Amino acid sequence: MRTLHTFHGGIHPATHKAQSNQKPIAQAALPSKLIIPLHQHVGNSAKPVVAVGSRVLKGQLIGVPEGHVSSAVHASTSGVIAAIDMQQVAHPSGIPDLCITLIPDGRDEWIAREPCDDWKALSHTDLRHRLRDAGVVGLGGAVFPSDMKLYSHKHKIKTLVLNGAECEPYITCDDLLMRERAAEILQGAEIMRALLYAEEILIGIEDNKPEAIAAMRAALLDGNHQGMEVIAVPTVYPGGGAKQLIRVLTGIEVAAGVRSTNLGVQCFNVGTAYSAWRAIRHGEPLISRIVTATGNVAHPQNFEALIGTPMNELVAQAGQLPDTTGYIMGGPMMGVMMPALHVGIIKATNCVIAASNKLFPPPAPALPCIRCTRCADVCPAELQPQELYWFAKAKNLGKAQEYHLFDCIECGACSYVCPSNIPLVQYYRFAKSEIWAQEAGKKAADAARERHEYRENRIEREKQEKADKLAAKEKAALEAKAKLALQPAVAPVNQNTDPEDTMQLKIQAAIDHAKQQAAVIKPKNTEQLTPQQQAEIAEIEARRTRIRELALSSVNEHTKE
Amino acid sequence: MPGFFSPFITKPDSVSQIMLKVLLALIPGIALYVWYFGPAILVSITLASLTALATEALMLKLRNRPIAPFLKDNSALLTGWLLALSIPPLAPWWLVVVGTAFAISVSKHLYGGLGNNPFNPAMIGYAVLIISFPVQMTQWLSPHGMGSVELGFIGQLNYIFLGVFPEGIKLDALTMATPLDTLKTQLHLDGHIKEILNMPIYGRLAGHGSEMVAAGFLLGGLYLLATRIISWHIPAAYLGTLFAVAGIFHLLDPAHYVEPTFHLFSGAAMIGAFFILTDPITSPTTHRGKLLFAFGAGLLTYLIRAFGGFPDGMAFATLLMNICVPLIDAYTQPKVFGKKEQKP
């Protein structure tokens, strides 16, 4: 028996998982349209490579990764590109982002795929390229391009942790995926292990998912997976956080700002392993994922949904109840409220919870902090949330950082237990964004200062160059004068020419120069215009006058109002 | 509308419920108080409660704060109860009213209300009263069967509100010094501990009657521990320190220093350990800080009791340690996740 470690704190909210994990994964119906954002992952937005009106096939590349950290985006089904424009996306801000709208043609016609029977024959570089081209990103929520996490030197990484903990209430997509597609998850994990040169694979699943644990263990029995273990971990939120799961399974604490790979561990979600397998073995890009549709619905269930499926079309299939007020993407602890019901499902969408006032009553008004430190008792990062709250509230950002603000993983456990109903996580998010804004401001100021200094330098240099030129000219003039003076050979050689003389010379030269310039830039062709040209000018003038009048009258109207 | 930001769920817990549980935990101690000393204490508690709520409402109104949510938080009630329990039950009504009103208005609201007061309001109320009205504050009721005469409940009410006694009865006949006070006085008179403790006012562990009240508070305190309203750090460190220091002195000179158990069950030690020092607003937030805070309070309580001018040291020990809380917090910040020395 493996000895498990624990992490500090944690909470035990009602899981609400039994609502949605009773039925098998259903194939979601083909939606009326797909709204596929080009920025679904960490890093740069993908660049669209299709034109409006063109027909695309299922799995066809429609957005190419741009830059180092980016990921590919594909058409989730065959159909016609209806629009490439800014639309609301699955982000609480409601700020529109570039999306490709695809109208399915109903044929669901695949592009030619490139399956691979023996991935071990492929080079590691090739494998990583295939993953990048297939748009495989972390499906646990971080959506970091997976190929970038699969670089390693030999013997650097000992343990590959596969995260099947799924600690958030309501969400059961990984649970069902593990129950139904365990073998493929393990195959994907083998690819990851090979790329990382990892010795062991530890699969952590919270012990409230006995079916998933059994299915994964059964899949292990085929004998092809040495050094791989399915481990039941205690059910405690946020036990599915990567840092927390790594701690529980290996005892290693990955501090904020430290890469787990430097401590010999890499962590992937089980869904990512599954998608990696589909991408390598079958050549299928990441165009669908398992999404739990639950909450205020009649038949909560998991669906295999195409990326881009409007959320309301998916939730409708689970029987949305009429008093639904909105959708939460993710779980109730860390999920985000959607700005609209029709936003498209993205690669990070593990769960859509239909919210209602009954399920999620509006928060009670916040009372002052009574320093009860229940928040500190449950903080998995072992912070003192009450201190961070006071510093954030007082905008004492330096002190907040000193008290490890950026070690906060925003799991929300502190807000959950706060008897004063203080939205603690909001204060931390605020403080973090303030600090980021300040840093950005500082960077901008630094850049501006550098630019300014450069400009000053340049002006100084140009001045110097001008002065040098002038000096050279003067010298030449002097020499010429000296030559002239020398010619009669009578006049004494005056090396120290009268400065007035040089001034005169200079002025004369400048006047000549100006005359020449004036001759060159004299306006041309204004006297001998053709009648056609004159008519055109008159027309333009008339139009200008009209515009001015209009502008004036509108200003007057405004002032009247 | 549900909230706009996660988390969308919260634990059904509130300040009001926490305070209510603390009030409930005081009931065993109060019940034993009534059993041994008569119902006069219930009058003080009622008076203190009404004064606390009225003062709270008035101060909230003056500060332009919403009144209803804060009145419902039960914190003012708790202050009132704790103060009433620190005042002799047979005290004139205005003593309770003045103390409670001062505690709520000055030591709570002038500092910014709930959550912002650096000092325990009940202890400030007690300190003000014992300095301003030392005579009234030391006239404690004798337990049943101890005094030369006993006053019925009606008689007690008559004294509390009207200041009159039935013919022929004097206040001195009804009241006496507390066990701690008696011990101190007798020791000054060169009494020997053994002889002093043979006096009828002493029971098995400490004062007759009052030791049982302390046991009642201990019981309530265990309930608070079990329900995780408080953590073990402060009561354990406080009682442990008091016991240890008293024990050392007792071992060195048993004739002049009483047994440590006497200290634990005397005066405000028990109610202080579980109900007063554990006030989250005026105690440190870190575990190490709580230990340090309670250690200091235990030491000061003993020093004041054994060598100071006041019969009990609990209130002043609390207030003195309250001053240190920000400092203690700043210097006892624990290491965070991943930044400790990693065990191999």
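As a convention, each chain's residues are numbered from 1 in the sequence order in which they are written. Written order decides the labels, with chains lettered from A and ligands numbered from 1. At least 70 in pLDDT is required for a residue's local features to be given in this predicted model, at least 80 for side-chain atom pairs to be given and counted, and no such filter applies to totals for whole chains, interfaces and linings, which use all residues.

**Brief notes about the nonpolar core**
Note the threshold: Core membership is restricted to buried Ala, Val, Leu, Ile, Met, Phe, Trp, Tyr and Cys residues, and these are joined into a nonpolar core through C-beta atoms within 7 Å. Burial is judged by counting the other C-beta atoms within 10 Å of a residue's own C-beta: 20 or more makes it buried, 12 or fewer makes it exposed, and any count in between marks it as partly exposed, with every C-beta position built from the backbone. Secondary structure follows DSSP: runs of H or I at least 4 residues long count as helices, runs of E at least 2 residues long count as strands, and numbering of each begins at the N terminus. Start and end points for every domain follow an automatic or database-based domain assignment. Placing C-beta atoms from the backbone, we regard two residues as in contact once those atoms come within 7 Å.
Grouped together as the largest cluster of nonpolar side chains are 247 residues, with contacts concentrated most on M192(A), M216(A), A273(A), V291(A), L314(A), Y327(A) and V352(A). At eleven residues, the largest contribution of residues to this core is made by helix α1 (residues 15-37) of chain B. Each of domain 1 (15-176) and domain 2 (178-329) of chain B gives at least three residues to this core. Ignoring any residue separated from it by four or fewer positions in sequence, one finds A273(A) in contact with L162(A), I185(A), G188(A), A189(A), M192(A) and F268(A).

**Remarks on the interface of chain A and chain B**
In many reports, interface size means the accessible area that the parts give up when they come together. Using the following cut-off: For this classification, Asp, Glu, Lys and Arg are treated as charged, while Ala, Val, Leu, Ile, Met, Phe, Trp, Tyr, Cys and Pro are nonpolar and the rest, including Gly, are polar.
Listed as interface residues are 46 residues of chain A and, on the opposing side, 32 residues of chain B. Of all the elements in the fold, those that place two or more residues in the side of chain A that touches chain B are β16 (336-337) and α12 (413-417) of chain A. Residue composition of the side of chain A that touches chain B, by class: 29 nonpolar, 13 polar and four charged.

**What about helix α6 (residues 121-132) of chain B?**
Because an α-helix completes one turn every 3.6 residues, residues spaced three or four positions apart along the sequence face the same direction. Residues and elements named next belong to chain B. Quick note on the threshold: Take the residue count of a helix, subtract one, and multiply by 1.5 Å to get its expected span.
An ideal rise of 1.5 Å per residue puts 16 Å on twelve residues; α6 measures up with 16 Å between its terminal C-alpha atoms. Extensive coverage of α6 is indicated by the burial of nine of its twelve residues. Listed in full, the buried residues belonging to α6 are P121, A122, M123, I124, G125, Y126, A127, L129 and I130. Where α6 is buried, its residues touch α4 (75-86), α5 (93-105), α7 (134-137), α15 (269-276) and α17 (314-331).

**Observations concerning the domain arrangement of chain B**
Residue and element names in this part refer to chain B. In terms of domain boundaries, chain B breaks down into domain 1 (15-176) and domain 2 (178-329). Centre-to-centre separation of domain 1 and domain 2, based on C-alpha positions: 21 Å. Contacts between the two partners involve 31 residues from domain 1 and, on the opposite side, 30 residues from domain 2. At the level of secondary structure, the elements contributing two or more residues to the side of domain 1 that touches domain 2 comprise α1, α4 and α6. If you tally residues by element for the side of domain 1 that touches domain 2, the top one is α1, at 13 residues. Residue composition of the side of domain 1 that touches domain 2, grouped by class: 24 nonpolar, six polar and one charged.

**What to know about the packing of helix α13 (residues 233-252) of chain B against α15(B)**
Residues and elements named next belong to chain B. Quick reminder of the rule: Only the stretch in contact is used when a helix axis is fitted, and all axes are lines through C-alpha atoms; the angle between N-to-C directions ranges over 0 to 180 degrees. Roughly parallel means an angle under 35 degrees; roughly antiparallel, over 145; roughly perpendicular, 65 to 115; everything else is oblique. Throughout, a crossing is termed right-handed when the near helix is turned clockwise from the far one, and left-handed when it is turned anticlockwise from it by less than a right angle.
Where α13 meets α15, the closest approach of the two axes is 9 Å, and the angle between their N-to-C directions is 155°. The pairing of α13 with α15 is recorded here as roughly antiparallel in orientation. Crossing hand, α13 versus α15: right-handed. Facing α13, whose interface residues are P235, Y238, L239 and L242, α15 presents A269, A273 and F274. Across the contact of α13 with α15, the residue classes break down as seven nonpolar, no polar and no charged.

**Here's the deal with the confidence of the model for chain B**
Convention followed: Per residue, pLDDT measures the predictor's confidence, with a range of 0 to 100.
Per-residue pLDDT for chain B averages 90, and the proportion of residues at 70 or more is 97%. Two numbers describe this predicted complex: its pTM, 0.83, and its ipTM, 0.89.

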